[in-house]
Amino acid sequence: MFTQFDVEAHFDGKLLIAYLNNDATMNALNRPTMTELKEFFERCDKDENVRVVAIGGKGGAFSSGQDLARAFAIETEKTDPSFVKKLITDFYNPVVMELTRCKKPVVALVEGPAKSAGAMLALICDVVLTSEKASFSPAFANIGLVPYAGGSYFLPKLVGRQMANYLTFSGKELSAEEAKSLGLVAEVFTEAEFRAKSMDILEKMSEMPTAALKLTKKAIAESYDNTLKQQLDLEANLTQKAAKSEDFLEGINSFLEKRKPVYKGK
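Quick notes on the rules
- Residues numbered from 1 in each chain as written.
- Predicted model: local features only at pLDDT ≥ 70, side-chain atom pairs only at ≥ 80, totals over all residues.
- Heavy atoms only, no water.
- Pairing = 2+ DSSP bridges.
- Helix = DSSP H or I, 4+ residues; strand = E, 2+ residues; numbered from the N terminus.
- Axes fitted to C-alpha atoms, helices over the stretch in contact; angles between N-to-C directions.
- Buried < 20%, exposed > 50% of the residue type's maximum accessible area, 1.4 Å probe, protein only.
- 1 Å grid on protein atoms, 1.4 Å probe; cavity = no way out; pocket = protein on both sides within 12 Å on 5 of 7 lines; lining within 4 Å.
- Points joined across faces, edges and corners; volume = space filled by probe spheres on them.
- Nonpolar A, V, L, I, M, F, W, Y, C, P; charged D, E, K, R; others polar.

1. Brief notes about the sheet that holds strand S6 (residues 127-131)
The mixed open sheet is built from 6 strands, whose spatial order is S1-S2-S3-S4-S6-S9. The open sheet has two edge strands, strand S1 (5-10) and strand S9 (187-189), and neither has a second partner. Neighbour-to-neighbour, the strand axes of this sheet turn through a mean angle of 20 degrees, independent of strand direction.

2. Considerations on unusual backbone geometry
With phi around 60 degrees, aspartate 12 is a residue other than glycine that occupies positive phi space. Its relative accessible area of 73% is what places aspartate 12 among the exposed residues. Not every positive phi belongs to a glycine, and lysine 258 is a case in point at roughly 55 degrees. Position of lysine 258 among the secondary structure elements: in the segment after helix H12 (246-256).

3. What to know about the layout of surface pockets
As a volume, the largest pocket reaches approximately 980 Å³. Around the largest pocket, the lining is made up of 35 residues, and of these Thr100, Asp126, Lys217, Ile220 and Ala221 lie nearest the centre. Listed by contribution, the elements that provide at least two residues to the lining of the largest pocket are helix H4 (81-101), S6, helix H6 (151-159), helix H9 (194-206) and helix H10 (210-223). At 9 residues, the largest contribution of residues to the lining of the largest pocket is made by H10. Across the lining of the largest pocket, the residue classes tally to 23 nonpolar, 4 polar and 8 charged. Around the second largest pocket, the lining comprises 16 residues; the ones closest to its centre are Glu48, Lys214, Lys264, Gly265 and Lys266. Elements that contribute at least two residues to the lining of the second largest pocket include exactly helix H1 (31-46) and H10. Sort the elements by how many residues they give to the lining of the second largest pocket and H10 lands first, with 4 residues. Grouping the amino acids of the lining of the second largest pocket by side-chain chemistry returns 3 nonpolar, 3 polar and 10 charged.

Below, the structure written as structure tokens:
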């Protein structure tokens, strides 16, 4: 039972969207929220009907990052470094792992500010869609911390070593358009059209050959650590797996029959 956010189902359950929903803290992250997010991604990964997963924020913000007031409410926690490590290893790392190994496409819907761990929660998704009001700030250094929630792993791969250093050293806030220019964001829409445009994209993804998308996500994820030879071999093996799917047969038949394909995600 999810209490820290709202879950919406669309397109006959092929799309599930989790909306962070704590307007008073700009959707700050806490231990219950992270626990439930982990459960959400596990649920989406196991549900064969779900073909696309998305996460957004209600109330104008995506997420302000860790709820510092709640996390450090006890004085001893402020001076206990092991408490910070436990918070990350027990609550953030499991969410990052579940999100990144989820076989379905995971899309971030960012309509407002995304800061620190909240920024990374969005940016480690497979696709990021934003409104023009969105902003991103990996501002871990602003409170004297190192990037976590996958920050030090993904940012250099997304923007390069120098820009990753600059963003994390300075805590610079990026506008939606700046983030897009760096390759962090796929699309930026006006505030008025964001909902309709992003749902159009999500609907199209939900109708795609999900079997192939799962294997494509696996190929791209493993490319980080593979040599060229390893990646070429992986592509061949995964393409063979994709060719065994019902979706591939439907794609071939629809092409030959000159009709729109109807994929079942199998």
